[in-house]
Amino acid sequence: SSRTMSLLSQLEKINLDSVLGEADNARYITSKILHLVQSQEKTRKEMTSKGSTGIEVILSTLEVKPFNLCDYGYIASFHFIIGGGRRASVLVTKGGTQILLQLLLTASKDSPPNEELMVLLHTLLAKIGPKDKKIGMKARINGALNISLNLVKQNLQNHRLILPCLQVLRVYSTNSVNAVSLGKNGVVELMFKIIGPFSKKNTSLMKVALDTLAALLKSKTNARRAVDRGYVQVLLTIYVDWHRHDSRHRYMLIRKGILQCIKSVTNIKLGRKAFIDANGMKILYNTSQECLAVRTLDPLVNTSSLIMRKCFPKNRLPLPTIKSAFHFQLPVIPASGPVAQLYNLPPDVDDVVDESDDNDDAETESEIETENDDDKDQHFKNDDIETDINKLKPRQELGRPIEELKMYEQFFPELSENFQECDLVSKEPKPFVPDANLGGPIVVPTAGEE
């Protein structure tokens with residue numbers, strides 16, 4: 001403990017002096033701190049304990065330009081200090097996100113960039129990203145949004161580097177504005193170069209790429225781009241391939257990731273139509289039937305059911321076709337008219353007009369929402385369930401006009417009489433005063449008379 005505090009004190013003194021000749025000394029101190037952090041859990045706890053200034057000292061050192069050669073050691077120290085959870089939150093509250101993004105921007109200007117430094121920076125950003133809700137906005141403002149994307153484009157065969165880059169892109173994509181911006185730079189097409197048919201190699205990379213693609217396709221602009229390029233058929237083909245080869249069900253998360261991508265792209269009308277045209281209903285139905293016997297595959301069945309219910313053609317009641325389990329026969333069907341037209345439609349025709357995306361063209365350009373809504377897509381929402389009470393209530397219409405119903409008024413006088421004359425508050429009865437129109441003398445009883 002005393003050794004760690006002594007090293008931090010020396011490092012803080014170097015920060016205050018900012019002497020160019022102290023670079024070697026700073027590098028030595030950095031290596032010592034890194035060794036202690038790697039070997040002792042006690043040191044890691046001490047650095048993030050309440051009241052400790054260890055994180056602030058290292059962050060302030062990262063901002064000193066003459067010591068850029070020590071960046072690797074400092075970032076490696078953070079990598080070992082932070083295991084996730086509360087420790088990641090400590091780094092976020094100290095302003096670490098902004099400093100790491102600035103370091104990423106600076107390191108990307110080197111030609112070629114330092115691969116070890118890039119791997120460490122992206123690994124660290126992927127760890128603290130879920131703890132910082134504004135990391136997407138900060139990356140966009142700093143100009144660091146496309147750095148990770150460009151690294152993936154230039155290093156498609158370097159799986160060690162692109163894995164943390166994809167993890168950072170997954171965090172960025174939760175922001176709808178970033179998803180649109182990344183989509184315009186070709187990130188959707190890039191994801192389909194990474195995902196592919198069944199292969200036991202690099203399954204972790206496949207899983208992260210699918211999660212990133214599912215987050216990107218929640219943007220309607222990116223979903224249209226995927227539909228226009230025929231990627232719905234590609235996703236179904238990849239899903240069938242993984243379903244056939246994963247006989248021991250070891251890669252259920254990858255299969256679920258493919259379904260999540262299909263679920264995201266079918267949120268738009270064009271995606272649902274492309275899903276139907278690609279025979280998606282039959283594919284998901286058959287694969288779901290084969291998954292029913294295995295309880296661990298229930299998430300696949302549930303997600304497939306949500307997709308099929310969303311894409312299945314909608315029809316009005318009564319249904320005179322085999323698509324309905326019940327048959328509602330109307331008493332009288334006119335020879336011509338809208339009802340007869342509905343009854344004469346073929347069984348596979350959707351007679352409910354889908355107008356859900358009619359105004360999306362105007363909304364596409366204004367898809368930059370406020371930053372408070374950036375994390376709204378993180379919460380699962382079942383759009384298949386109607387929540388409007390007014391729509392759930394059936395409309396009651398009278399079988400006869402009001403005028404014809406007045407003939408029954410004499411049988412139910414309690415429904416039409418006015419009872420406001422009764423004094424329900426006072427216990428004493430009101431004196432009886434007969435109506436003058438009835439004739440006869442007005443007699444008011446006196447006290448003692450019944």
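Conventions adopted
- Residues numbered from 1 in each chain as written.
- Predicted model: local features only at pLDDT ≥ 70, side-chain atom pairs only at ≥ 80, totals over all residues.
- Heavy atoms only, no water.
- Helix = DSSP H or I, 4+ residues; strand = E, 2+ residues; numbered from the N terminus.
- Buried < 20%, exposed > 50% of the residue type's maximum accessible area, 1.4 Å probe, protein only.
- Contact = heavy atoms within 4.5 Å.
- Areas by Shrake-Rupley, 256 points an atom, 1.4 Å probe, with all protein chains shown as cover.
- Axes fitted to C-alpha atoms, helices over the stretch in contact; angles between N-to-C directions.
- Parallel < 35°, antiparallel > 145°, perpendicular 65-115°, else oblique.
- Left-handed = near helix turned anticlockwise from the far one by under 90°.
- Nonpolar A, V, L, I, M, F, W, Y, C, P; charged D, E, K, R; others polar.
- Phe/Tyr/Trp six-rings, centres within 6.5 Å; stacked < 30°, edge-to-face > 60°.
- Polar contact = N/O pair within 3.5 Å; in protein donor to acceptor, adjacent residues only side chain to side chain.
- pLDDT = per-residue confidence, 0-100.
- Salt bridge = Lys/Arg side-chain N within 4 Å of Asp/Glu carboxyl O.
- Expected span 1.5 Å × (residues − 1).
- Patch = residues over 30% accessible without salt bridge, like charges linked within 9 Å, V, L, I, M, F, W, Y side chains within 5 Å.

**Student:** Just give me the short version of the overall build of the chain, but keep the residues and values in it.
**Tutor:** Looking only at helices and strands, the chain has 24 helices and zero strands in total. Buried residues in the chain amount to 40% of all 450 residues. Excluding contacts between residues fewer than 6 apart, the proportion of contacts in the chain whose partners are at least 24 apart in sequence is 73%. When the accessible surface of the chain is split by element, carbon and sulfur atoms take 54% of a total near 27,200 Å².

**Student:** Which residues make up the packing of helix α17 (residues 252-265) against helix α20 (residues 298-311), and what values do they have?
**Tutor:** With their axes 10 Å apart at the nearest point, α17 and α20 run at an angle of 15° to one another. Judged on the interaxial angle alone, α20 and α17 are roughly parallel. As for how α17 packs across α20, the hand of that crossing is left-handed. Here Met252, Arg255, Lys256, Leu259, Gln260, Ile262 and Lys263 of α17 come into contact with α20, specifically with Pro299, Leu300, Thr303, Ser304, Leu306, Ile307 and Lys310. Across the contact of α17 with α20, the residue classes tally to seven nonpolar, three polar and four charged.

**Student:** Can you explain the packing of aromatic side chains? Please cite residues and give values.
**Tutor:** This structure, assessed with the given rule, holds four aromatic pairs. Aromatic pair phenylalanine 198 and tyrosine 251: ring centres 6.0 Å apart, planes at 70°, arrangement edge-to-face. On the criterion of sequence distance, the pair formed by phenylalanine 198 in the loop between α13 (187-194) and α14 (203-216) and tyrosine 251 in the loop between α16 (231-245) and α17 is long-range, its members being 53 residues apart. Between tryptophan 242 and tyrosine 251, the aromatic rings sit 5.7 Å apart at their centres with planes inclined by 75°, giving edge-to-face as the arrangement. Aromatic rings pair up to connect Phe198, Trp242 and Tyr251 into one cluster.

**Student:** Give a detailed account of the side chain of glutamate 189, specifying residues and quantitative values.
**Tutor:** Here glutamate 189 lies in helix α13. Reaching out from glutamate 189, the side chain makes a polar contact with the side chain of arginine 229 at a distance of 2.8 Å. Setting aside chain neighbours within four positions, we find glutamate 189 in contact with Arg225, Arg229 and Tyr231.

**Student:** An account of the confidence of the model for the chain is needed here, citing residue identities and associated values.
**Tutor:** Mean pLDDT over the chain: 76, with 61% of residues reaching 70 or higher. Low confidence marks residues 361-382, where pLDDT is under 50. Its contacts with residues over four positions away, or in another chain, come to 28 contacts. Segment residues 436-440 is flagged for pLDDT under 50; beyond a separation of four residues in sequence, or across chains, it makes zero contacts in the model.

**Student:** Tell me about the pattern of salt bridges, and please be specific about residues and values.
**Tutor:** All told, the structure shown has nine salt bridges when counted by the stated rule. Salt-bridge contacts for glutamate 189 lead to arginine 229; the nearest nitrogen and oxygen are separated by 2.8 Å. Taken together, the residues span a long stretch of sequence, with glutamate 189 in helix α13 and arginine 229 in the loop between α15 (220-228) and α16 at a distance of 40 residues. The class for arginine 229 is partly exposed, based on a relative accessible area of 44%. Each of Glu115, Glu116 and Arg160 takes part in one network of salt bridges that share partners.

**Student:** A description of α14 should follow, citing residues and the corresponding values.
**Tutor:** In an α-helix there are 3.6 residues to a turn, and that puts residues three or four apart on one side. Between its terminal C-alpha atoms α14 stretches 20 Å, which fits the 20 Å expected from 14 residues at 1.5 Å a residue. Burial analysis of α14 places 10 of its 14 residues in the buried class, which makes it a mostly covered element. Turning to α14, its buried residues number three or more, namely Leu205, Met206, Val208, Ala209, Leu210, Thr212, Leu213, Ala214, Ala215 and Leu216. On its buried face, α14 sits against α11 (159-172), α12 (176-184), α13, α15, α16 and α17.

**Student:** Got a sec to walk through a nonpolar patch on the surface? Specific residues and values, please.
**Tutor:** On the surface, a nonpolar cluster with roughly 880 Å² of combined accessible area is contributed by Leu398, Ile402, Leu405, Met407, Tyr408, Phe411, Phe412 and Leu415. As for its placement among the helices and strands, isoleucine 402 is situated in helix α24 (residues 402-405). Exposure remark for isoleucine 402: the relative accessible area of 48% places this residue in the partly exposed category.

**Student:** Hey, could you go over the packing of helix α18 (residues 269-277) against α20 for me, with residue numbers and the actual values?
**Tutor:** The N-to-C vectors of α18 and α20 enclose an angle of 105°; their axes lie 10 Å apart at closest approach. When the axis of α18 is compared with that of α20, the two are roughly perpendicular. Note on element contacts: α20 touches α18 through Ile307, Lys310 and Cys311, opposite Arg272, Phe275 and Ile276. Residues that form the contact of α18 with α20 fall into these classes: four nonpolar, no polar and two charged.

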